[in-house]
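# An overview of the molecular structure
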Amino acid sequence: MGKICVFYLAIIALAMSCDTVPGQNKSQLEMSEQTKAEYAIAIHGGAGTILKENMTPEREMEYRQALKEALITGEAILQSGGTALEAVEKTIHVLEDSPLFNAGKGAVFNNEGQNELDASIMQGIDQNAGAAGGLRTVKNPISAAIAVMNHSEHVLLTGNGAERFARDQELETVDPEYFYTERRWEAMLRAIEEEKGVELSESDGLEGKKHGTVGCVALDQYGNIVAGTSTGGMTNKRYNRFGDVPIIGAGTYADNATCGVSCTGHGEYFIRYAVAHDVHARIKYLNQSLQEATDEVVHGTLVNKGGSGGLIAIDKYGNVSMPFNSRGMYRGYARPGEIYIAIYDDEKQP
Ligand code: ASP
């Protein structure tokens, strides 16, 4: 009898000395010890071949200032007790209104010389979501996506229908000319030349590149996570092409129990590998940490399949992850007492 007792005591001691318990792995234990940040907000302004040698100091400063303005806008809302939804909408407005980024003003042109804008939003509290695709006159497409979520029984509206809906909702509309910028027009002309086999070199950051996008994820004081994404899509796109941005689960996803995600990159790959949802699913079903989940998707799945780009993500504790597999990504985050803004791949996140 005594021997049996000693045997069981030894087993219990062994189990207690292990750093995992059955059914719970290490990252889950680490996460359960964490406390939630009061709030957190992360943004991106697109990923691509963004090289310091192709950027003038003035242009770099403009990008950093625009990113900072967007972050500060969202942070002020979260700090004063505003909701993650409000913070994401207002932060993305700043990025959409800037001609620097491929969303809203500054969006790329399609093959017919038009701008077609896509956006989506998802809230983590109830998985409610909205998206709009192929908009031509809505000044801030993220607000159209929010209106679809809040004022329709649908998730995705596109083209003329989405335009009509936006007007019914009294969203601000503009003449399509508003979206014109010379550099995006030239980028489209270059892309058309390239298609004909003419060799062209990158001039400056993303400009010669075919894509870009803006996005924001926020965690508010009430534990709600919201993710939103807005884009002009890919330069020289045809046939009413949509990328990942208006596809919930591809470019955008949010669940208060796991994380919020906003993506940027070659949209077709992000659709095929359901990238934003995959990050969430890895946390939910594999108990991965946010860092593990985002790294495996961006540096594992996407790299193996040839999909370039990156994402920003915030988990329910306010941890922030911003991996990308391209040469750069316009990005930043803010938490109480902390602000980080970066562009190139050698700028380490603290
Ligand atoms: N993902 C966007 C698209 O494919 C473009 C980008 O983020 O760079 O439309």
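Starting from 1, residues in each chain are numbered consecutively following that chain's sequence as written. Residue-level local features of this predicted model are given only where pLDDT is at least 70; pairs of side-chain atoms are given and counted only at 80 or more, and the full residue set underlies all totals for whole chains, interfaces and linings. Note: side-chain values were computed over all heavy atoms of the structure, leaving out hydrogens and water.

## Details of the overall build of the protein chain
Runs of H or I in DSSP of at least four residues are treated as helices and runs of E of at least two as strands, each being numbered from the N terminus. For the protein chain, the count of helices and strands is ten helices and twelve strands. Each residue's exposure class comes from its accessible area (1.4 Å probe, protein chains only) as a fraction of the maximum for that residue type: buried when under 20%, exposed when over 50%, partly exposed otherwise. The burial tally for the protein chain puts 55% of its 350 residues in the buried class. In this description, contact between two residues means that some pair of their heavy atoms is separated by no more than 4.5 Å. Taking as baseline every contact in the protein chain between residues at least 6 positions apart, the subset at least 24 positions apart corresponds to 69%. Throughout, the Shrake-Rupley method with a 1.4 Å probe supplies accessible areas, and for residues the shown protein chains are the sole cover considered. With an accessible surface of roughly 15100 Å², the protein chain has 53% of that area assigned to carbon and sulfur atoms.

## Thoughts on the sheet that holds strand β2 (residues 117-123)
Only strands joined by at least two bridges in the DSSP assignment are considered to pair. Read from one edge of the open sheet, eight strands run β4-β3-β2-β6-β5-β1-β11-β12, paired in mixed fashion. Two strands bound the open sheet, and with one partner strand each, they are β4 (156-158) and β12 (338-344). On average, adjacent strands in this sheet sit at an angle of 5 degrees to one another, irrespective of strand direction. As judged from the six bridges shared by β2 and strand β6 (residues 225-231), these two strands associate in the antiparallel manner. For Ser120, the partnering residue across the bridge sits in β6 and is Thr229. Each axis is a line fitted through C-alpha atoms, and for a helix only the stretch in contact is used; angles between axes span 0 to 180 degrees, taken between their N-to-C directions.

## Brief notes about the nonpolar core
To qualify as a nonpolar core, a set must consist of buried Ala, Val, Leu, Ile, Met, Phe, Trp, Tyr and Cys residues joined through side-chain atoms within 4.5 Å. With 37 residues, the main nonpolar core has Phe101, Ile121 and Tyr330 as its most contacted residues. Of all the secondary-structure elements, those providing two or more residues to this core are β1 (40-48), α3 (57-79), α4 (84-97), β2, α5 (141-151), β5 (214-219), β11 (328-335) and β12. Look past the residues within four positions of Phe101 in its chain and what remains in contact with it is Gly45, Tyr63, Ala66, Leu67, Leu95, Gly106, Ala107, Arg184, Val214 and Tyr330. Counting 36 residues, the second-largest nonpolar core is a separate cluster that includes Ile225, Cys263, Tyr269 and Tyr340.

## Here we look at the pairing of strand β9 (residues 309-315)
For β9, the buried fraction is high: seven of the seven residues fall into the buried class. Neither face of β9 is open: one carries Gly309, Leu311, Ala313 and Asp315, the other Gly310, Ile312 and Ile314, and all of them are buried. When strand β8 (residues 259-265) meets β9, the two strands line up antiparallel, connected through seven bridges. Following the sheet pairing, Cys263 is matched in β9 by Leu311.

## Observations concerning the packing of helix α9 (residues 275-286) against helix α10 (residues 290-305)
Axis separation between α9 and α10 bottoms out at 9 Å; the angle between their running directions is 135 degrees. The angle between the axes of α9 and α10 places the two elements in the oblique class. As for the relative orientation of α9 and α10, their crossing is right-handed in sense. Of the residues in α10, those touching α9 at Val275, Asp278, Val279, Arg282 and Ile283 are Leu290, Ala293, Thr294, Glu296, Val297, Thr301 and Leu302. Residues belonging to the contact of α9 with α10 are distributed by class as follows: seven nonpolar, two polar and three charged. Oblique is the label for any angle not under 35 degrees, not over 145, and not in the 65 to 115 range, which are roughly parallel, roughly antiparallel and roughly perpendicular in turn. What makes a crossing left-handed is the near helix being turned counterclockwise from the far one by less than a right angle; a clockwise turn instead makes it right-handed. Under the grouping applied here, Gly and all other residues not named as nonpolar or charged are polar, the nonpolar ones being Ala, Val, Leu, Ile, Met, Phe, Trp, Tyr, Cys and Pro and the charged ones Asp, Glu, Lys and Arg.

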